[in-house]
Amino acid sequence: MAEEILQGLKDAVISGNANKTKELVDQALKENLPIEKILNDGLIAGMMIVGVKFKNNEFYVPEVLIAARAMHAGMSIMEPHIAKAGIKPIAKVAIGTVKGDLHDIGKNLVVMMWKGAGFAVDDLGIDVSSEKFVEAVNNGASVVGLSALLTTTMVSMKDVIEALKAAGVRDKVKIVIGGAPVTQSYADEIGADAYAADAATAVDKVKEVLKI
Ligand code: B1M
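Quick caveat, the model's predicted, so the values are computed rather than measured.

> Got a minute to help me understand the site of the ligand in this structure?
Near the ligand lie 28 residues; those nearest to it are G100, L102, H103, D104 and S147. Between G100 and the ligand, the recorded distance is 2.9 Å, taken from a backbone N or O atom to a nitrogen atom. At 2.7 Å from a nitrogen atom of the ligand is found a side-chain nitrogen or oxygen belonging to S147. Sorting the residues of the shell around the ligand by element identifies helix 5 (105–116), strand 3 (143–147), strand 4 (174–178) and helix 9 (199–210) as the ones contributing at least two each. If you tally residues by element for the shell around the ligand, the top one is helix 5, at four residues. Partitioned by chemical class, the residues of the shell around the ligand number 17 nonpolar, eight polar and three charged.

> Would you mind showing me how to read the pattern of salt bridges here?
Between side chains of opposite charge, a pair can form as their charged atoms come close. What the rule picks out here adds up to 10 salt bridges. Close ionic contact of E58 with K53 constitutes a salt bridge, the shortest N to O distance being 3.3 Å. Taking the relative accessible area as the measure of exposure, E58 reaches 46% and is therefore partly exposed. Accessibility expressed as a relative area gives 23% for K53, which makes it partly exposed. The network of salt bridges with common partners includes K158, E162 and K165.

> Teacher, can you tell me more about helix 1 (residues 2–14) here?
Because the α-helix completes a turn every 3.6 residues, residues three or four places apart line up on one side. Between its first and last C-alpha atoms helix 1 spans 18 Å; for 13 residues at 1.5 Å apiece the expected length is 18 Å, and the two agree. When we look at burial in helix 1, the residues that qualify are I5, L6, G8, L9, A12, V13 and I14. Of the surrounding elements, those touching the buried residues of helix 1 are helix 2 (18–30), helix 3 (35–55) and helix 4 (61–85). After helix 1 finishes, the residue G16 shows a positive phi value of roughly 70°.

> I keep staring at the sheet that holds strand 5 (residues 194–195) and nothing clicks. Help me out?
The pairing of strands in a sheet comes from backbone hydrogen bonds and takes either a parallel or an antiparallel form. Spatial strand order, 2-1-3-4-5: five strands in an open sheet with parallel pairing. This sheet does not close on itself; its edge strands, each paired only once, are strand 2 (120–128) and strand 5. Sitting on the sheet, helix 5 touches strand 1 (92–98), strand 2 and strand 3, and the angle it makes with strand 1 is about 175°. Helix 6 (residues 130–138) contacts strand 1, strand 2 and strand 3 of the sheet and is inclined by roughly 170° relative to strand 2.

> Looking at this model, I keep getting lost on the coordination of the cobalt atom of the ligand. Mind explaining?
Each angle at a metal carrying four tetrahedral donors should ideally be 109.5 degrees, and each at a metal carrying six octahedral donors should ideally be 90 or 180 degrees. Of all protein atoms, just one serves as a donor to the cobalt atom of the ligand, and that atom is H103 (NE2), at 2.2 Å. Along the chain, H103 turns up in the loop between strand 1 and helix 5.

> How should I be thinking about the domain arrangement of the protein chain in this particular structure?
Many authors give the size of an interface as the accessible area that is lost as the parts come together. The domain architecture assigned to the protein chain consists of domain 1 (2–85) and domain 2 (92–210). Placing a centre on the C-alpha atoms of domain 1 and another on those of domain 2 gives a separation of 26 Å. Each partner contributes residues to the interface: domain 1 has 13 residues there, and domain 2 has 14 residues. Note on domain 1 versus domain 2: buried area summed over both sides is about 1,100 Å², and carbon and sulfur give 82% of it. Of all residues in domain 1, M48, F54 and K55 give up the largest surface area on contact with domain 2, accounting jointly for 40% of the area buried on that side. Between domain 1 and domain 2 we count one salt bridge in total. With a closest N to O distance of 2.8 Å, D204 and K55 form a salt bridge. Only helix 3 and helix 4 provide two or more residues apiece to the side of domain 1 that touches domain 2. In terms of residue count, helix 3 provides more of the side of domain 1 that touches domain 2 than any other element does, seven residues in total.

Reading the values: the criteria
- Residues numbered from 1 in each chain as written.
- Predicted model: local features only at pLDDT ≥ 70, side-chain atom pairs only at ≥ 80, totals over all residues.
- Heavy atoms only, no water.
- Near = heavy atom within 4 Å.
- Polar contact = N/O pair within 3.5 Å; in protein donor to acceptor, adjacent residues only side chain to side chain.
- Helix = DSSP H or I, 4+ residues; strand = E, 2+ residues; numbered from the N terminus.
- Nonpolar A, V, L, I, M, F, W, Y, C, P; charged D, E, K, R; others polar.
- Salt bridge = Lys/Arg side-chain N within 4 Å of Asp/Glu carboxyl O.
- Buried < 20%, exposed > 50% of the residue type's maximum accessible area, 1.4 Å probe, protein only.
- Expected span 1.5 Å × (residues − 1).
- Contact = heavy atoms within 4.5 Å.
- Pairing = 2+ DSSP bridges.
- Axes fitted to C-alpha atoms, helices over the stretch in contact; angles between N-to-C directions.
- Donors = N, O, S within 2.8 Å, 3.2 Å for Na, K, Ca; no water.
- Domains from an automatic or database assignment.
- Buried area = accessible area lost by both parts, 1.4 Å probe.

Laid out in structure tokens, this is it:
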């Protein structure tokens, strides 16, 4: 019975069926399934498969957005139970589109994937100044994600790294960068800890830099 509910939950997230997701979360709670199991083997497991399908071009942006909506629907029921159970997120991470850049579709996909993987995400939004990234680290983010879509704004990524150094917090945080014009060699050049080509890979990279 438990396995059936969890498999159904995974499938509901993958197919983006928000109503079914809510229904199955309710059922799982009624059956007293452990909160961590509902999260890890149901909702998060579903979102991880969405990430793999996205990476393999089996899913495109709309499917990911619909799956994330289903995941959110399930999470809204789970949140009070997670708080009561005292389950802590894997890590606190922050992300923003760098100064001067207003593109947020890719950044939002990374937010969804990171949330889907169990991270607490501080979404700083678009056109984010270096100071705001420093503030996020001072507020406990152990990873900072930087997104840029313009060749003219990707240079701000270097400014963020310099600002983190100047504030004396560079060694407290790992930096993951991404966005259409960004490359691994650019990450190496500016001293970022990792580059991710897509939102699903961004999950792998955070786990890699945090060694989890
Ligand atoms: Co803009 N735009 N845009 N635009 N826009 C591009 C990026 C452009 C390539 C179009 C073109 O000329 N062919 C071009 C950039 C050229 C360049 O610099 N090389 C461009 C330009 C020039 C501009 C303006 C300057 C246009 C103007 O006003 N003259 C202007 C700049 C505004 C500003 O930012 N200051 C501008 C404005 C806009 C809109 C506001 C109209 C709109 C943005 C709406 C929004 O985001 N809410 C827009 C859009 C939609 C685009 C295109 C069409 C689509 C971008 C997108 O959302 N892609 C884009 C052309 C294109 O790509 N075909 C274009 C889908 C998204 C899922 O992909 O963001 O790459 P992407 O994210 C991917 C990966 O890159 C990665 O994961 C995502 C998915 O897996 N990723 C990360 C992203 N961030 C990551 C972070 C990570 C890891 C992975 O870790 C932290």
